Amino acid sequence: MKFAKKYATYMRGMEEELPAVGLKRLKKMLKKCRSHEGAAGCPAVADAAGRCPGHCSVCDGSFFPSLMNEMSAVVGCFNERAKKLLELHLASGFKKYAMWFTNKGDKSHGKLIQQGKDLVTYAIINAVAMRKILKKYDKIHYSKQGQEFKAQAQSLHIEILQSPWLCELMAFYMNLRRSKKNKAAMELFGDCSLIFDDDRPTLSCNLFDSMRVDISLTCSICLDTVFDPVSLSCGHIFCYLCCCSAASVTIVDGLKFADHKSKCPLCRQQGVFPDAVHLDELNVLLSHSCPEYWEKRMQSERVERVRLAKEHWESQCRAFLGI
């Protein structure tokens, strides 16, 4: 079965209608472009293979804006639903009971697992749809505009595979799988794994349509396994203290007070610190996967945090006293 049919079948089979990449409609736009062989509005003439080279105002004016809007809607929906699901799983005390009540009292772990699985499938199948349609665009136009658009989507944070919530959902699966009370998760998410290669961890998952996602869990600042991990809005993951240092903010103020001109240490994007996401599920997964390292790192981290907090308040006192 071709991907377009798989995609249509999956979207029709969902319990509720969610935003999606309009694969069929976008294909019609590209097909329409082929029919404009030198017609008014299409400056480029299609070649013998039916490709419309160069920029084309006929489909560029509608194709890319439509895809941009659809991708934004998909990522927004995925992030919101994943965030709610993980908050429900990590909540405790009165907050947890309140959240269970607002979520219609469904306390089944099996239901949480299934919702998580559905979310990952939803994210991946739309990511594949986006890549397929951009590849087709480049094939028809004999260009690299589709690949350039993909890079633009990454800079606008609407590339769903870069979402920090995808990483959190993968860790969520593995945390449930580790629990003896959730043996069913072993079967559902057996393709997700935490791999250590020369003590360098990678979160790996085989996904829809033979896609594979590998997320490095080595902080590129301290070159060690990420501790108290945070994901910047560009998708790169670092230790929290390393992030604070890179953003030139104190641990007391936090990343929300980072200058919008501060850049990601890897991709050099600006304004990626204030919207950083704490990866709590990943933190739990790593603490159980490498307990000796985690205990040692926790002790050294505690000493460093006390030192940094002391320096911050001493500087505040000196500034207040005018010393």
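Conventions used here
Residues numbered from 1 in each chain as written. Predicted model: local features only at pLDDT ≥ 70, side-chain atom pairs only at ≥ 80, totals over all residues. Heavy atoms only, no water. Helix = DSSP H or I, 4+ residues; strand = E, 2+ residues; numbered from the N terminus. Buried < 20%, exposed > 50% of the residue type's maximum accessible area, 1.4 Å probe, protein only. Contact = heavy atoms within 4.5 Å. Areas by Shrake-Rupley, 256 points an atom, 1.4 Å probe, with all protein chains shown as cover. Axes fitted to C-alpha atoms, helices over the stretch in contact; angles between N-to-C directions. Parallel < 35°, antiparallel > 145°, perpendicular 65-115°, else oblique. Left-handed = near helix turned anticlockwise from the far one by under 90°. Nonpolar A, V, L, I, M, F, W, Y, C, P; charged D, E, K, R; others polar. 1 Å grid on protein atoms, 1.4 Å probe; cavity = no way out; pocket = protein on both sides within 12 Å on 5 of 7 lines; lining within 4 Å. Points joined across faces, edges and corners; volume = space filled by probe spheres on them. Pairing = 2+ DSSP bridges. Patch = residues over 30% accessible without salt bridge, like charges linked within 9 Å, V, L, I, M, F, W, Y side chains within 5 Å. Salt bridge = Lys/Arg side-chain N within 4 Å of Asp/Glu carboxyl O. Lys, Arg positive; Asp, Glu negative; His and termini not counted. Charge placed at Lys NZ, Arg CZ, Asp CG, Glu CD.

K.L.:
I keep staring at the overall build of the protein chain and nothing clicks. Help me out?
P.N.:
Tallying secondary structure elements over the protein chain gives twelve helices and six strands in all. Of all 323 residues assigned to the protein chain, the portion counted as buried reaches 44%. Long-range pairs, those at least 24 residues apart, make up 60% of the contacts in the protein chain between residues at least 6 apart in sequence. In the form shown here, the protein chain has an accessible surface area of approximately 17,900 Å², with 53% of it arising from carbon and sulfur atoms.

K.L.:
Any chance you could explain the packing of helix α8 (residues 164-178) against helix α11 (residues 280-289) here in plain terms?
P.N.:
The packing of two helices is summarised by the inter-axis angle and the distance between the axes. Remark: α8 packs on α11, axes separated minimally by 8 Å, with the N-to-C direction vectors making an angle of 45°. One way to sum up the angle between α8 and α11 is to call them oblique. Here α8 runs over α11; the crossing is left-handed. Residue-level contacts link C167, E168, A171, F172, M174, N175 and R178 of α8 to D280, E281, L282, V284, L285 and H288 of α11. In terms of residue class, the contact of α8 with α11 is built from seven nonpolar, two polar and four charged.

K.L.:
Sorry, what's going on with the layout of surface pockets here?
P.N.:
Over the atoms rolls a probe the size of a water molecule, and its path tells where empty space is left. If you add up the space inside the second largest pocket, you get close to 340 Å³. Lining the second largest pocket are 14 residues, and of these K27, K132, I133, K135 and K136 lie nearest its centre. Mapped by element, the contributors of at least two residues to the lining of the second largest pocket are α1 (3-12), α2 (23-35) and α6 (109-141). Among the elements that take part in the lining of the second largest pocket, α6 stands out by supplying seven residues, more than any other. Tallied by class, residues from the lining of the second largest pocket come to six nonpolar, no polar and eight charged.

K.L.:
Would you explain the pairing of strand β2 (residues 200-206) in this entry?
P.N.:
As a general feature of sheets, a regular strand has side chains that alternate between the two faces. Sheet topology places strand β1 (residues 192-197) next to β2; six bridges connect them, and they run antiparallel. Residue pairing across strands places L194 opposite L203, the latter belonging to β2.

K.L.:
How should a positive patch on the surface be read in this particular structure?
P.N.:
Together, K2, K5, K27, K135, K136 and K139 make up a positively charged patch on the protein surface. Considering each element in turn, the positive patch owes the most residues, three residues, to α6. Topologically, K139 is positioned in helix α6.

K.L.:
Sorry, what's going on with the pattern of salt bridges here?
P.N.:
Side chains that differ in charge, positive against negative, can pair when their charged atoms come close. A full pass over the atoms with the stated rule returns seven salt bridges. Between D228 and R305 there is a salt bridge; the shortest N-O distance is 2.7 Å. On the criterion of sequence distance, the pair formed by D228 in the loop between β3 (212-216) and β4 (229-231) and R305 in helix α12 (residues 291-321) is long-range, its members being 77 residues apart. Residue classification places D228 among the buried residues on the basis of a relative accessible area of 18%. The exposure class of R305 is partly exposed, given its relative accessible area of 27%.

K.L.:
Before we go on, may I ask you to explain empty space enclosed by the protein in this structure?
P.N.:
Within this structure, the stated rule accounts for one cavity of 30 Å³ or more. What the largest cavity holds in volume is close to 60 Å³. Together, V21, M71, V74, V75, N126, A127, M130, I158, E159 and I160 line the largest cavity. Elements represented by at least two residues in the lining of the largest cavity include exactly α4 (63-90) and α6.

K.L.:
I would appreciate a short explanation of unusual backbone geometry in the present structure.
P.N.:
Apart from glycine, the bulk of residues carry a negative phi angle, and the bulk of peptide bonds sit in the trans form. For S248, which is not glycine, the phi torsion reads 60° and is therefore positive. Residue position: S248 is located in the loop between α10 (240-247) and β6 (277-278). Relative accessible area serves as the criterion here: at 67%, S248 is assigned to the exposed category. Residues other than glycine seldom take positive phi values, yet R268 does so here, at roughly 65°. Within the secondary structure, R268 sits in the loop between α10 and β6.

K.L.:
What is the right way to read the sheet that holds β3 from this model?
P.N.:
Sheet strands pair via backbone hydrogen bonds, and the direction of the pair is either parallel or antiparallel. Taken in spatial order, the three strands make up an open sheet running β1-β2-β3, and their pairing is antiparallel. Both outer strands of the open sheet, β1 and β3, are each paired with one neighbouring strand and no more. For this sheet, the mean inter-axis angle between neighbouring strands, taken without regard to orientation, is 25°. Where β2 and β3 come together, five bridges link them in antiparallel fashion. Note on β3: the bridge partner recorded for S204 is D214. Contacting β1, β2 and β3, α8 crosses the sheet at an angle of about 95° to β1. The sheet contacts of α11 involve β1 and β2, and relative to β1 the element is tilted by about 55°.

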